[in-house]
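A structural walkthrough
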There are 2 protein chains.
Amino acid sequence: MSEIVTAAILIIGDEILSGRTKDRNIGYIAEYLTRIGIDLKEVRVVADDEADIIAALDALRTRYTYVFTTGGIGPTHDDITADSVAKAFGVPIDCHPGVVARFRKRFSDAELNESRLRMTRIPAGATLIESETVLAPGFQIGNVIVMAGIPSVMQAMLDIVAPRLATGSRMLSETVRANCREGDIGTQLGAIARAHPDAMIGSYPFLDEGGRPNTNLVVRARDPDKIAAVRRDIEAMLAQLKLI
Amino acid sequence: MSEIVTAAILIIGDEILSGRTKDRNIGYIAEYLTRIGIDLKEVRVVADDEADIIAALDALRTRYTYVFTTGGIGPTHDDITADSVAKAFGVPIDCHPGVVARFRKRFSDAELNESRLRMTRIPAGATLIESETVLAPGFQIGNVIVMAGIPSVMQAMLDIVAPRLATGSRMLSETVRANCREGDIGTQLGAIARAHPDAMIGSYPFLDEGGRPNTNLVVRARDPDKIAAVRRDIEAMLAQLKLI
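Residues numbered from 1 in each chain as written. Chains lettered and ligands numbered in written order. Predicted model: local features only at pLDDT ≥ 70, side-chain atom pairs only at ≥ 80, totals over all residues.

To continue, consider the pairing of strand E6 (residues 127-131) of chain A. All names here are of chain A. Bridging between E6 and strand E7 (residues 134-141) involves four bridges; their strand directions are antiparallel. Paired with Ser131 across the two strands is Val134, which belongs to E7. Connecting E6 to the next strand, E7, in antiparallel fashion are two residues. (Pairing = 2+ DSSP bridges. Helix = DSSP H or I, 4+ residues; strand = E, 2+ residues; numbered from the N terminus.)

Written out as structure tokens, the structure reads:
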């Protein structure tokens, strides 16, 4: 079995914490990473504050294989992600000649002001995350991947960077509908979970099409045989209770 | 001016990290806290893992006035929030007689199994967050407020607990539409931000009704006079650039 690859997401932005902007990146990245075989283990949201960004970066990049950041790489004074990442890694940061050259093709001299040049600041040693459709690039330095906060741009950047990432064997999952309330089967389910410590079993209540409380049981493991074994035990339990 | 009251949110659940469930609580709680005068400073999402929950709780509860948790207080084996909170505070946890009595009215003896009794486990010294419409209660212990993960239940719990919370003077905000791209005004906006270090100025790009790149400038401060002063400077800058 291949190595397990882990990740954290660091969302940077006052606007998420004030509630003004509703985050749409966590769920997207979470699903994406699961699909390509990277285990998302933690998410943090912090303000546009250098000390907070650096503290979170250092906590996460030492603990997980990758850290994906979103937000704070635009042209205004509150966009301090690139500079904060450079400080966290202890490397200098300056306008990247290649990005400046690309900006010169796109912007007139008057348009290419101090503000727009801010978007060309890339920490020394970083690899760009760029394409024709992405104006201001993201970048990767060490195990930290810095992306835009705007969902469509972030999604394009994730597509660019994904083929470069190490991935582990995919976490597989199967869902069994239990046709009862969570509390009806929690005791039996706990016994099944104890019998299969190498699988994860989640229990998620929902209201079904008849408006009745119902429960989805989600079995997760990397080994399909393990999932099948747990599924058999769950189905036997549900059959014994005459639920399926 | 009254004291500044801060908070963090701790979202607990494998299903958020796998992308299976899309979080809808962060944005709701963020807006709610802003409205009642509590500054949300940080959000973390962690797995259903006792060590991870306790580490995050201890980091957040020592740093902020309040910590709001969601998730992990249901009847199944993966619901370990209450036990983890008890461990973090170093207090015992047991079935709460008052909650058990309420469950006895609602459930038959057969229904009130080990699994459902799990939902009555409350750390010693905690205050319940309960009402007629909330079956399994949340609770507050110290500065930690433990709520359900299901949005409708979480929202009911937040309404119950909010009147008990200390709140500071509200963070006010005003939005000015800049009618240009972020990069057109970033330099001038940075100067205004430096001239008003006691206000927060955010710059948020959006596509306007004509599909053109546009920018909202959001000024935030507790003092309405401060907001008015920053707004005047921003409007003078935009007028000079013939944008308004």
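This paragraph deals with the interface of chain A and chain B. Between chain A and chain B, the contact holds 46 residues from the first and 46 residues from the second. Those elements that place two or more of their residues in the side of chain A that touches chain B are helix H1 (14-17), helix H2 (25-36), strand E2 (39-46), helix H6 (114-118), helix H8 (182-195) and strand E10 (200-207) of chain A. For the side of chain A that touches chain B, the per-class residue count stands at 17 nonpolar, 15 polar and 14 charged. As paired strands, E2 of chain A and strand E2 (residues 39-46) of chain B are joined by five bridges and run antiparallel to one another. (Contact = placed C-beta atoms within 7 Å. Nonpolar A, V, L, I, M, F, W, Y, C, P; charged D, E, K, R; others polar.)

So, about unusual backbone geometry. Residues and elements named next belong to chain B. Although it is not a glycine, Asn179 sits at a positive phi angle of roughly 55 degrees. Inspection of the secondary structure puts Asn179 in the loop between strand E9 (172-177) and helix H8 (182-195). We classify Asn179 as partly exposed; it has 16 C-beta atoms within 10 Å. Residues other than glycine seldom take positive phi values, yet Lys242 does so here, at roughly 60 degrees. Considering the arrangement of structural elements, one finds Lys242 in the segment after helix H9 (224-240). C-beta crowding within 10 Å serves as the criterion here: with 8 such atoms nearby, Lys242 is assigned to the exposed category. (Buried ≥ 20, exposed ≤ 12 C-beta atoms within 10 Å, placed from the backbone.)

This part takes up the relation of the copies chain A and chain B. Superposition of chain A onto chain B requires a rotation of 180 degrees combined with a translation of 0.0 Å along the rotation axis, giving an RMSD of 0.0 Å. Such a turn and shift between the copies fits a two-fold axis. For chain A, the residue whose C-alpha comes nearest the rotation axis is Arg44 of chain A, separated from it by 2.2 Å. Of all interface residues in chain A, 100% are interface residues in chain B too; the two copies therefore contact each other through one and the same surface. (Least-squares fit on C-alpha atoms with pLDDT ≥ 70 in both.)

This part takes up the sheet that holds E2 of chain B. Overall, mixed pairing links the twelve strands, which are arranged E6(A)-E7(A)-E8(A)-E3(A)-E1(A)-E2(A)-E2(B)-E1(B)-E3(B)-E8(B)-E7(B)-E6(B) in an open sheet. Both edges of this open sheet fall to E6 of chain A together with strand E6 (127-131) of chain B, since each of them pairs with a single strand only. Neighbour-to-neighbour, the strand axes of the sheet open up by a mean angle of 20 degrees, direction not taken into account. Across the sheet, helix H3 (residues 50-61) of chain A touches strand E1 (6-12), E2, strand E3 (66-70) and strand E8 (144-147) of chain A, and the angle it forms with E2 of chain A is around 170 degrees. (Axes fitted to C-alpha atoms, helices over the stretch in contact; angles between N-to-C directions.)

To continue, consider H3 of chain A. Residue and element names in this part refer to chain A. In this model, H3 (twelve residues) spans 16 Å end to end at C-alpha, consistent with the 16 Å of a helix rising 1.5 Å per residue. Listed in full, the buried residues belonging to H3 are Ile53, Ala56, Leu57, Leu60 and Arg61. Seen along its axis, H3 keeps its buried residues to an arc of 115 degrees; they face one direction. On its buried side, H3 packs onto E1, E2, E3, helix H4 (81-89) and E8. (Expected span 1.5 Å × (residues − 1). Arc of directions from axis to C-beta.)

Another aspect to go through is the sheet that holds E10 of chain A. Residue and element names in this part refer to chain A. Spatially, the three strands line up as an open sheet ordered E9-E11-E10, and their pairing is antiparallel. Pairing within the sheet leaves two strands with one partner each, and these edge strands are strand E9 (172-177) and E10. Strand-to-strand, the axes of this sheet are offset by a mean angle of 25 degrees, without reference to chain direction. Of the pairings in the sheet, the one linking E9 to strand E11 (residues 213-221) comprises six bridges and is antiparallel in character. Within E11, the position partnered with Leu172 by the bridge is Ala221.

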